[in-house]
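Take a look at the letters that make up each chain.
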Amino acid sequence: RRFDYRPKTDPYCQARYTFCPTGSAIPAAKEDDVIEVYRLQTPVWEFKYGDLLGHLKIMHDAVGFKSSLTGKNYTMEWYELFQLGNCTFPHLRPGMDAPFWCNQGAACFYEGIDDAHWKENGTLVLVTTISGTMFNEMAKWVKQDNETGIYYETWKVQASPAKQSTVWFDSYECSKFILRTFQKLADLGAVFRKIQTNYTSIILFSGEPIYLGNETSIFGPLGNKTLAAAIRDFYYPFKPYRTVGEFFLDLLKIIDRVILKRQFYLFYNLEYWFLPMKFPYLKIVYEEVPLPIRSKTSFGV
């Protein structure tokens, strides 16, 4: 869903690591510039845990640019303002009936490409070359995309592991931004190299979802108190800042609810849905999504 504007973030939402600390505006390129475009990928939290999450194929994606006229490199990515946990599960704040979400995501653009960060455990590979005109058109698109697509969504939800399975909800995270960016460049005339490109998806498997309502209809003065209590109870074991003992106790509660009772409450586009979970319940896949094909109506390189 696209939104008309990006709301201000609540001071309650705090990130352990500052979002886009060296970010800058996207500079205007000269029309006759020739700009190399790179696919960047590395394990999530590689800067802290190295290749640990890479073994599970939980990868973060970005795109890099190199100007032939200036020699400058740039990195562009899209990720959570307040880290992954806050985007995946809410906080249950005292005195508030409704779960409180810190789930905005946004684009980040900054000068430089940290070669070691992307190469050591991941990918840094040239995928296409574009003109300065195409780069400037892409920059306009990024601004519009960033202002209207504002909420991070971790989960992809589908009916079964089969390739042609119904997708109930799609995720909205870093890889989707990169796929949208590459598609925009193809629409502008970029010709991509023929290389294999894979992306991470974290998938929940569910029967047909049941619509429950929004925050007001469930948690408001005229809301459904029984349903409100069930949703809060579901999210409680996912709370942060736990002792080791609390973590394992909460893990047992999660297994009981999601696998044994086959229940999951999903918050998507500011609305709540009930997912009747199905085997295998959850799966992390690293699936191929081919680079796009150049549009027939385009600017040209």
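Our subject is the structure that appears above.
All values reported here derive from a predicted model rather than from experimental measurement. (Residues numbered from 1 in each chain as written. Predicted model: local features only at pLDDT ≥ 70, side-chain atom pairs only at ≥ 80, totals over all residues. Heavy atoms only, no water.)

Undergrad: When you look at the overall build of the protein chain in this model, what are you seeing that I'm missing?
TA: Within the protein chain one finds eight helices and eleven strands. Here the protein chain has a C-alpha radius of gyration of 21 Å; the compact-globule value for 301 residues is 19 Å, and the two agree. Overall size of the protein chain, expressed as C-alpha extent along the three principal axes, is 65 × 40 × 40 Å. Taking all 301 residues of the protein chain together, 48% fall into the buried category. Considering only contacts in the protein chain between residues 6 or more positions apart, those separated by 24 or more positions represent 76%. Summed over all atoms, the accessible surface of the protein chain reaches about 15,900 Å², with 56% contributed by carbon and sulfur. When the 34 positive and 32 negative side-chain charges of the protein chain are each reduced to one mean point, those points stand 3 Å apart. (Helix = DSSP H or I, 4+ residues; strand = E, 2+ residues; numbered from the N terminus. Rg over C-alpha atoms; globule rule 2.2 N^0.38 Å. Buried < 20%, exposed > 50% of the residue type's maximum accessible area, 1.4 Å probe, protein only. Contact = heavy atoms within 4.5 Å. Areas by Shrake-Rupley, 256 points an atom, 1.4 Å probe, with all protein chains shown as cover. Lys, Arg positive; Asp, Glu negative; His and termini not counted. Charge placed at Lys NZ, Arg CZ, Asp CG, Glu CD.)

Undergrad: Any chance you could explain the packing of aromatic side chains here in plain terms?
TA: What characterises a pair of aromatic rings is the spacing of the ring centres plus the angle enclosed by the ring planes. According to the stated counting rule, one finds 27 aromatic pairs in the structure shown. Judged by centre distance (5.5 Å) and plane angle (50°), the ring pair of Phe 234 and Phe 238 falls under tilted. Since its relative accessible area comes to 2%, Phe 234 is described here as buried. If you follow Arg 93 out to its NZ or CZ, it ends over the ring of Phe 100, 4.5 Å from the centre. (Phe/Tyr/Trp six-rings, centres within 6.5 Å; stacked < 30°, edge-to-face > 60°. Lys NZ or Arg CZ within 6 Å of the ring centre and 35° of its normal.)

Undergrad: Teacher, can you tell me more about unusual backbone geometry here?
TA: A cis amide bond, omega 5°, links Phe 279 with the succeeding residue Pro 280. In this structure, Pro 280 sits in strand β11 (residues 271-288). Its identity as a non-glycine residue notwithstanding, Lys 57 has a phi of 60°, on the positive side. Summarising the element assignment, Lys 57 is placed in the loop between α1 (46-49) and β2 (59-67). Judged by relative accessible area, Lys 57 falls into the partly exposed class, the value being 39%. You will see that Leu 270, though not glycine, has its phi angle at about 65°, which is positive.

Undergrad: Could you clarify how one ought to interpret the pairing of strand β10 (residues 263-268) in this entry?
TA: Regular strands place their side chains on alternate faces of the sheet. For β10, the buried fraction is high: five of the six residues fall into the buried class. Here β10 folds back onto β11, and the loop between the two strands holds two residues, one of which, Asn 269, carries a positive phi near 55°. (Pairing = 2+ DSSP bridges.)

Undergrad: Looking at this model, I keep getting lost on helix α7 (residues 225-235). Mind explaining?
TA: For an α-helix, the turn length of 3.6 residues means that residues three or four places apart are oriented alike. Where α7 is concerned, the buried positions are Leu 227, Ala 228, Ile 231, Phe 234 and Tyr 235. In a view along the axis of α7, the buried residues occupy a sector of 125°, so they form one face of it. Residues of α7 that are exposed and point more than 90 degrees away from the buried face comprise Lys 225 and Thr 226. The inward-facing, buried residues of α7 abut β9 (210-214), α6 (215-219), α8 (244-260), β10 and β11. If you check the start of α7, you find a side-chain oxygen 3.2 Å away from the backbone N of Thr 226, and it comes from Asn 224. (Arc of directions from axis to C-beta. Polar contact = N/O pair within 3.5 Å; in protein donor to acceptor, adjacent residues only side chain to side chain.)

Undergrad: Sorry if this is basic, but what is going on with the environment of Gln 104 here?
TA: Within the secondary structure, Gln 104 is located in the loop between α2 (83-88) and β4 (105-111). Sequence separation of Gln 104 and Phe 89 is 15 residues, and the distance between their C-alpha atoms is 12 Å. Only 3.1 Å separates the side chain of Gln 104 from the backbone oxygen of Pro 7, close enough to count as a polar contact.

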